[in-house]
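This is what each chain is made of:
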Amino acid sequence: MGGALDVNEFVAGYLVEVEEHLSASTANLLAVEAALRAGESSPRAIRELFRALHTIKGLSAMVGVEPIVDLAHAMETVLRAADRAAGSLSASSIEVLLRGLRSIEERARALAEGKPVLPAAPELLAALTALDLAAAPSPPVPTIGADPEILAKLGPGERVQLAQGVAGGRRALRVDFVPSPARTAEGVNITTVRERVGKLAEIVKVVPLSVPASDGAPGGIAFALLVLTSAPDEEVARAAAADGVRALTVEPPVPPAVAALAEREPDEPADREPQLRGVVRVEVARLDDALDKLSALVVTRFRLARAAAELRARGVDTRDLSEILREHDRTLRDLRGAIMRARMISVAELLDRVPLVVRGLGRATGKQVRLEIDAGKAELDKAVAERVFPAIVHLLRNAVDHAIEPPAERRRLGKPEEGLVRVSCFERSSNQLELSVTDDGRGIDRALVARRAGRPAPESDAALLDLITLPGLSTLDQATKTSGRGLGMDIVRRIAVEQLSGELSVSTSPGAGTTFTLRIPLTLTIVDAFSFLCGDQLFVTPVAGVEEVVEIDAARIIRGPAPGEARGGTMLPAAGEARGGTMLIERRGEVVPLVDLGALFELGASPARRALVVRRHGAPFAFGVTRVIGQQEVVVRPLEDPLVRVQGVSGSTDLGDGRPTLVLDLVTLSGRISAVRGGRGALVRVAS
């Protein structure tokens, strides 16, 4: 072998690793801060933070990013000093450590963008060196009932962790695993044992032990797993392939203190065997390329189906071809699912940065805010996640800056000084995510919003949302660092409704709080859609936006009044109202407004026989169409040119005939129709 090692080929993998460790470090540091506020210790978070920084330092040294090496090393030194002082990290220490993490993140981003990586700021390094670590008296070390050789390898942090677990109601156990050739042949080794036990218990320490060689321990080695668990002893023993478990006595309960770190640097335990992780990191650009090629296959499938239909019309026997096409459809759908799953990220991963955002907002506004996140197991496409995150940030700013009251005001109102912001999400269906941001603040003052907008006070939440999303509208007299420029809610609406073809709604109660809800598609490019005719014009619309397809009984259509006109006690339509005024249909006891899409788009007088029902702000809205052709997968191409963008049209697709077919966003279109009082005049002129 010859030639120097080119570290550039490792940079992409390095950046991914650093991003993961930075995310974990931020979460652990915020956990330490929360524990300090509660007067508790967080030994596990301290140790995980130390290990993450140690790994970042090693990786950065490998690729030669010295500024990050300097920062990570200085932060490690702070944690070692905390170990020697056996005291708590002060609030100022945590703040400086967070600055250090941000500085590492900035330099990693510069490396990713091909920009020069600036040296570590001398003032930050000096601040890390000069941190005032309180020299509090060392807390009493919990007494652990274990063998001396086990105790010799237990650091103060592990002792505190065991004591905390016991104080929290779990049991401390020692589980022994003895490797052997027979177990290795069955695929049972210390790595698999750790994985299985880790599902039932929190592993505090794995201690390798020398034992006399015997038939049961031919290698003369065993491993003692010290764990905290609420699972039955038998289950833990079975997971560890052990004959039994032994209880550890732990006393007294740990006093409030930050756990000390082991004096030596954390190293990989001797018990760990080489393991290939079942994860392959793939650049998003490669996944985008695979999706583009899949999109081409979807269009080709339409062309094949069209060609087969033409052959059948000519009397050709296409039964074998039809069977092949059906099998091709199934395979293509499975391929689509596989590629889309590869592009999905967990919502929990998307929300990893939210605690840091809320913390910064709380410090900037001087408010105390408690954050709760319920992400469940929901996932969404990475492209959607990147677009929706700025909207989440604006909603959080709105909650903290506008909604949550200052501590003094909350005390006067009988509320806890600490405000609550809750972020929750779940999948509403197989292709739509619902995400909400809730606060327990003052609620939205409808009268104040109306005065600022120069309009009448809104009577419904839907009308209120229309006001607060007006560009430039703000209820603050003076802009602050976080809000007050009247852009935030307008940006949220544009992202959720216009860019993602989703829905935004609000629910508010004076003095009790506000909830903003986003309903967005899980993916954007290839979607399930209904194709339908209006007159002779073909359209498609995503299935996710349609609540129901109903048949229209012309004899049961109710001709409603046009706004503001009455004659002889009977309301009559205003001049220019589309074909006989507002039409209504009855659906399971509720009256639903009906708009004939063909008439709206001026596509001829073909009667509407079917209706696609959607919901906007919880209210139903029906669009009459000539015929619903069916449901199929389509490739949505956005309309990039601003000159041809129209509200209610989210893009175009190719159904195999080579002509563009418009993709309608019926939810947005219903909102636009409502804004112009029932849809007077044609909103969109569609070329044949």
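Throughout, a residue's number is its position along its own chain's written sequence, starting from 1. Given that the model is predicted, a residue must reach a pLDDT of at least 70 before its local features are reported, and side-chain atom pairs must reach 80 or more before they are shown or counted; all residues, however, enter totals for whole chains, interfaces and linings. The side-chain numbers reported here are obtained from all heavy atoms of the structure, hydrogens and water having been left aside.

Engineer: Please clarify how the environment of Gly671 should be interpreted in this entry.
Structural biologist: Its location among the elements puts Gly671 in helix 21 (residues 666–675). Partly exposed residues are those whose accessible area sits between 20% and 50% of the maximum for their type, while under 20% is buried and over 50% is exposed, using a 1.4 Å probe and protein chains only. Here Gly671 falls in the buried class, since its relative accessible area comes to 13%. It is 9.8 Å that separates the C-alpha atoms of Gly671 and Asp466, two residues lying 205 residues apart in sequence. Numbering of helices and strands starts at the N terminus; helices are DSSP runs of H or I of at least 4 residues and strands are runs of E of at least 2.

Engineer: What should I look at first to understand the side chain of Arg587 in this one?
Structural biologist: Here Arg587 shows up in strand 20 (residues 583–587). Look at Arg587 and you get buried, because its relative accessible area is 7%. For Arg587, the side chain forms a polar contact with the side chain of Glu547, separated by 2.9 Å. Polar contacts, as counted here, are pairs of nitrogen or oxygen atoms within 3.5 Å of one another; within protein the pair requires one atom able to donate a hydrogen and one able to accept it, and residues that are adjacent in sequence qualify only if both atoms are side-chain atoms. A distance of 2.7 Å separates the side chain of Arg587 from the side chain of Glu548, its partner in a polar contact. In contact with Arg587, not counting residues within four places along its chain, are Glu547, Glu548, Val550, Val592, Val613, Arg615 and Pro620. Between two residues, a contact is recorded if the distance between any of their heavy atoms is within 4.5 Å.

Engineer: Would you explain the packing of helix 4 (residues 91–112) against helix 5 (residues 122–129) in this entry?
Structural biologist: For any two helices packed against each other, one specifies the crossing angle of their axes together with the interaxial distance. Direction vectors running N to C along helix 4 and helix 5 enclose 145°, while the axes themselves pass 10 Å from each other. Read as a crossing pair, helix 4 and helix 5 show a hand that is left-handed. From helix 4, Val96, Leu97, Arg99, Gly100 and Ser103 reach across to helix 5, where they touch Leu124, Ala127 and Leu128. Axis angles are defined between N-to-C directions and span 0 to 180 degrees, where every axis is a line fitted to C-alpha atoms and, for a helix, only to the segment in contact. The crossing is said to be left-handed when, going from far helix to near helix, the turn is anticlockwise and less than a right angle, and right-handed when the turn is clockwise.

Engineer: When you look at the packing of helix 1 (residues 11–37) against helix 4 in this model, what are you seeing that I'm missing?
Structural biologist: For the pair helix 1 and helix 4, interaxial distance at closest approach is 10 Å and the crossing angle is 165°. Considered as vectors, helix 1 and helix 4 are oriented roughly antiparallel to each other. For helix 1 against helix 4, the interelement crossing comes out left-handed. Facing Val11, Tyr14, Leu15, Val18, Leu22, Ser25, Thr26, Leu29, Leu30, Val32, Glu33 and Leu36 of helix 1, the residues of helix 4 in contact are Ile94, Leu97, Leu98, Leu101, Ile104, Glu105, Ala108, Leu111 and Ala112. Working rule for angles: under 35 degrees goes down as roughly parallel, over 145 as roughly antiparallel, 65 to 115 as roughly perpendicular, anything else as oblique.

Engineer: I would appreciate a short explanation of the packing of aromatic side chains in the present structure.
Structural biologist: Both the distance between ring centres and the angle between the ring planes are used here to describe each pair of aromatic rings. For this analysis, a ring pair means two rings from Phe, Tyr or Trp (six-membered ring only for Trp) whose centres lie within 6.5 Å, classed as stacked if their planes differ by under 30 degrees, edge-to-face if by over 60, and tilted for the remaining angles. Tallied over the full model, the rule gives three aromatic pairs. On the basis of an interplanar angle of 45° and a centroid distance of 5.6 Å, the ring pair of Phe539 and Phe601 is categorised as tilted. Of the two residues, Phe539 sits in strand 15 (residues 537–542) while Phe601 sits in the loop between helix 20 (597–600) and strand 22 (610–616), which places them 62 residues apart along the sequence. On the numbers, 5.3 Å between centres and 40° between planes, the contact of Phe621 with Phe623 is tilted. Taken as a pair, Phe621 and Phe623 share a single burial class, namely buried. Put simply, the rings of Phe532, Phe539 and Phe601 touch in pairs and so form one group of aromatic residues.

Engineer: What exactly am I supposed to notice about the nonpolar core here?
Structural biologist: The tendency in soluble globular proteins is for nonpolar side chains to be buried side by side. Remark: nonpolar core denotes a set of buried residues (Ala, Val, Leu, Ile, Met, Phe, Trp, Tyr, Cys) joined through side-chain atoms within 4.5 Å. Grouped together as the largest cluster of nonpolar side chains are 50 residues, with contacts concentrated most on Leu380, Leu396, Phe516 and Leu518. Sort the elements by how many residues they give to this core and helix 15 (residues 382–403) lands first, with 11 residues. Discounting residues that sit within four places of it in the chain, Leu380 has contacts with Arg343, Met344, Ile345, Val347, Leu350, Ala385, Leu433, Ile520 and Leu522. Core analysis: the second largest hydrophobic core is formed by 37 residues, Leu89, Val96, Ala108 and Leu131 among them.

Engineer: How do you make sense of the pattern of salt bridges when you look at a structure like this?
Structural biologist: A side chain with one charge can pair with a side chain of the opposite charge if their charged atoms come near. Criterion for a salt bridge: a side-chain nitrogen of Lys or Arg within 4 Å of a carboxyl oxygen of Asp or Glu. Taken as a whole and judged by the stated rule, the model has 43 salt bridges. As a salt-bridge pair, Arg442 and Glu409 come within 3.2 Å of each other at their nearest N and O atoms. Linking Arg442 in the loop between strand 11 (432–439) and helix 17 (446–453) with Glu409 in helix 16 (residues 407–412), this pair joins segments that are 33 residues apart in sequence. Given the relative accessible area of 32%, Arg442 is considered partly exposed. Glu551 is the salt-bridge partner of Arg610, the closest N and O atoms lying 4.0 Å from each other. On the criterion of sequence distance, the pair formed by Arg610 in strand 22 and Glu551 in strand 16 (residues 548–551) is long-range, its members being 59 residues apart. A cluster of three or more residues bridged by salt bridges with shared partners is formed by Glu547, Glu548, Arg587, Arg588, Glu590 and Arg615.

Engineer: When you look at unusual backbone geometry in this model, what are you seeing that I'm missing?
Structural biologist: Peptide bonds are mostly trans, and most non-glycine residues show a negative phi. Positive phi values are uncommon outside glycine, yet Ala241 reaches one of about 55°. Residue position: Ala241 is located in the loop between helix 10 (233–239) and strand 5 (245–247). On the accessibility criterion, Ala241 (21% relative accessible area) is partly exposed. With a phi angle near 55°, Glu602 is a residue other than glycine that sits in the positive phi range. Residue classification places Glu602 among the partly exposed positions, given a relative accessible area of 45%.

Engineer: Mind showing me how you'd approach the pairing of strand 21 (residues 590–596) here?
Structural biologist: In the case of a regular strand, side chains alternate between the two sheet surfaces. Strand pairing is assigned whenever DSSP detects at least two bridges linking the two strands. The pairing of strand 20 with strand 21 spans five bridges and is antiparallel. Its bridge partner being in strand 21, Arg587 is matched across the sheet by Glu590. Here strand 20 folds back onto strand 21, and the loop between the two strands holds two residues, one of which, Arg588, carries a positive phi near 50°. The pairing of strand 21 with strand 23 (residues 619–625) spans three bridges and is classified as parallel. Note on strand 23: the bridge partner recorded for Leu594 is Ala622.

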